[in-house]
Every structure is written in structure tokens, then in C-alpha cells.
Amino acid sequence: MKRMIPMIVLAALTVGMGSAFAQGGQKVGIINIQQAIAQSADGQKAATALQAKFTPKRNELEKMNGELTALQEQLRNQEKTLSDDARNKLMRQIDDKTRALNRANEDAQAEFQTAEQDAINEIGQKMMGVITEFAEKGGYSMVLDVSSPQTPVLYADQPSNITQAVIEAYNKAHAAPAAAAPAAAAPKPAAAPAAAPKP
């Protein structure tokens, strides 16, 4: 999950950059927002869910590719012995399967990217709330996202990097509720007293 979060989120991270530098003495933090999203508990959970969801489609594409490869191999091996009609028929099959595979691959990629971006956007919006709270409590006047090569940050010391701290804060704030403890087993009824022996 390495795609960019929406530009509105990135813009929010750098709001007031010029005035903050102008004032001087401001506490500035840097964060790799893509890393924070991907390594958060929700990010890892989303990545696992995406892989599971699209595994059947990936298997289907691999099967289609295998069938196409087999036909291409058949054409190479039998090209000199096939009749013109058989050769033309085989070539049409190859063309049809190539188009079908390309179309299916494009559709699968588009569907995966949409699902991935939806997950990133959802986590990114929650991450923004955590960053804001973290910055306010930590006395940061500005937080810069350095996940993009275009970010104008040439140097920052390690204490300025709040990525890991934000990941931990996010996981704490959005931790899944603990499963309810199983109800205690009801006590077994006392065993009935043994019958007295007959005289």
C-alpha cells in the first residue's frame, strides 16, 4: 500500500509553512505518511484483506496466461506440420486469448487500485486526526510529509521524525475492541447421593 493519499490531506500537513519559518524557533516534525499508513495495524489488516480478496482473480489470470502459453507453444512446435486452416484457427485462438487476458488484467488492476485507494483514504483520514492531536500535545507548529520526493526537506534530525510515534498513537487510538471474555462455565450439579444398600 504505497499509493499517495489525497492531496487535500498532504496540503493540510504543510499549511502555514511560510509563516512558521518566518517566525523562527518553531518545533517542526516530519512524517512519512505512506509508511505510517502501511505500517499501522489498520494498514496491515487492509493489505492482508486486499490480497485475500484478489487471490482468486490472480489465480484466474495465471490460468489464462498458462492456456495462452500452451497455445503459443503448440503453434511453435506444429507450425510446419499444421494445415493452413488449422494454423489459422490456432492463431485466431491465440489472438482471442491474448485480448481476453489483456482485458482481464487491466480490469483486475483497476479494481485492485480502486480498492487499495479506498482503504488508504479511509485510514488516511483517521491518521490526520491522530497527527493533529499528536502535534498539538507535542507542541509542534508544523508537520511535514516527506513521503514524496517533492517535499522541500533536505535535512532533518532523527528526533524530528515522528512517523513511528504516530503509528503507535494511531494503533492505540484505533485499537480493535478486545474480545469479550468467555462466560464462566456453569457449575456442574452435585452428584446425586448413592442409593442406600437394601437390607
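Because the structure is a prediction, the values reported are computed rather than measured.

*Asks:* I'm lost on the overall build of the chain in this one. Help?
*Replies:* Along its length, the chain carries six helices and two strands. For the chain, restricting intrachain contacts to residue pairs at least 6 apart in sequence, the fraction spanning at least 24 positions comes to 85%. Just so you have it, the chain exposes about 13,600 Å², and 55% of that area is on carbon and sulfur atoms.

*Asks:* What am I meant to see in the packing of aromatic side chains here?
*Replies:* Each aromatic ring pair is characterised by the separation of its centres together with the angle its planes make. Counting across every chain of the model gives two aromatic pairs. Measuring from centroid to centroid gives 6.1 Å for F134 and Y140, while their planes differ by 25°, and the two rings are stacked. The lysine or arginine in question, K27, covers the ring of Y140, its NZ or CZ lying 4.5 Å from the ring centre.

*Asks:* Honestly, the packing of helix α5 (residues 84–138) against helix α6 (residues 163–173) in this entry has me stumped. Any pointers?
*Replies:* Relative orientation of the contacting elements α5 and α6 amounts to 110°, with a least axis distance of 10 Å. One element, α5, and the other, α6, form an angle in the roughly perpendicular class. Of the two possible hands of crossing, α5 and α6 adopt the one that is right-handed. Judged by residue contacts, I123, K126, M127, V130, I131 and F134 of α5 engage A165, V166, A169, Y170 and A173 from α6. Of the residues contributing to the contact of α5 with α6, the split by class is ten nonpolar, no polar and one charged.

*Asks:* How do you make sense of the pattern of salt bridges when you look at a structure like this?
*Replies:* Oppositely charged side chains can pair when the atoms bearing their charge come close. Scanning the model with the defined rule gives seven salt bridges in all. Across the pair E73 and R76 runs a salt bridge, and its minimum N-O distance is 2.5 Å. Of the two residues, E73 and R76 are both situated in helix α4 (residues 41–78); the distance of three residues between them amounts to about one turn of the helix. When the shortest N-O distance is used, the salt bridge between E133 and K137 registers 2.9 Å. With E133 and K137 both in helix α5, this residue pair falls four residues apart, about one helical turn. The class for E133 is partly exposed, based on a relative accessible area of 42%. Residue classification places K137 among the exposed residues on the basis of a relative accessible area of 69%.

*Asks:* Just checking my understanding: could you explain the nonpolar core for this structure?
*Replies:* Among soluble globular proteins, nonpolar side chains are generally buried collectively. Ranked by size, the top nonpolar core spans 18 residues in total, and within it I31, M127, I131, V143 and V166 carry the most contacts. Counting only elements with at least two residues in this core, the list comes to α3 (33–39), α5 and α6. A total of seven residues in this core trace back to one element, the largest contributor, which is α5. Excluding residues within four positions of it along the chain, V166 makes contact with I31, M127, V130, I131 and F134.

Thresholds, definitions, all that
Residues numbered from 1 in each chain as written. Predicted model: local features only at pLDDT ≥ 70, side-chain atom pairs only at ≥ 80, totals over all residues. Heavy atoms only, no water. Helix = DSSP H or I, 4+ residues; strand = E, 2+ residues; numbered from the N terminus. Contact = heavy atoms within 4.5 Å. Areas by Shrake-Rupley, 256 points an atom, 1.4 Å probe, with all protein chains shown as cover. Phe/Tyr/Trp six-rings, centres within 6.5 Å; stacked < 30°, edge-to-face > 60°. Lys NZ or Arg CZ within 6 Å of the ring centre and 35° of its normal. Axes fitted to C-alpha atoms, helices over the stretch in contact; angles between N-to-C directions. Parallel < 35°, antiparallel > 145°, perpendicular 65-115°, else oblique. Left-handed = near helix turned anticlockwise from the far one by under 90°. Nonpolar A, V, L, I, M, F, W, Y, C, P; charged D, E, K, R; others polar. Salt bridge = Lys/Arg side-chain N within 4 Å of Asp/Glu carboxyl O. Buried < 20%, exposed > 50% of the residue type's maximum accessible area, 1.4 Å probe, protein only. Core = buried A, V, L, I, M, F, W, Y, C linked by side-chain atoms within 4.5 Å.

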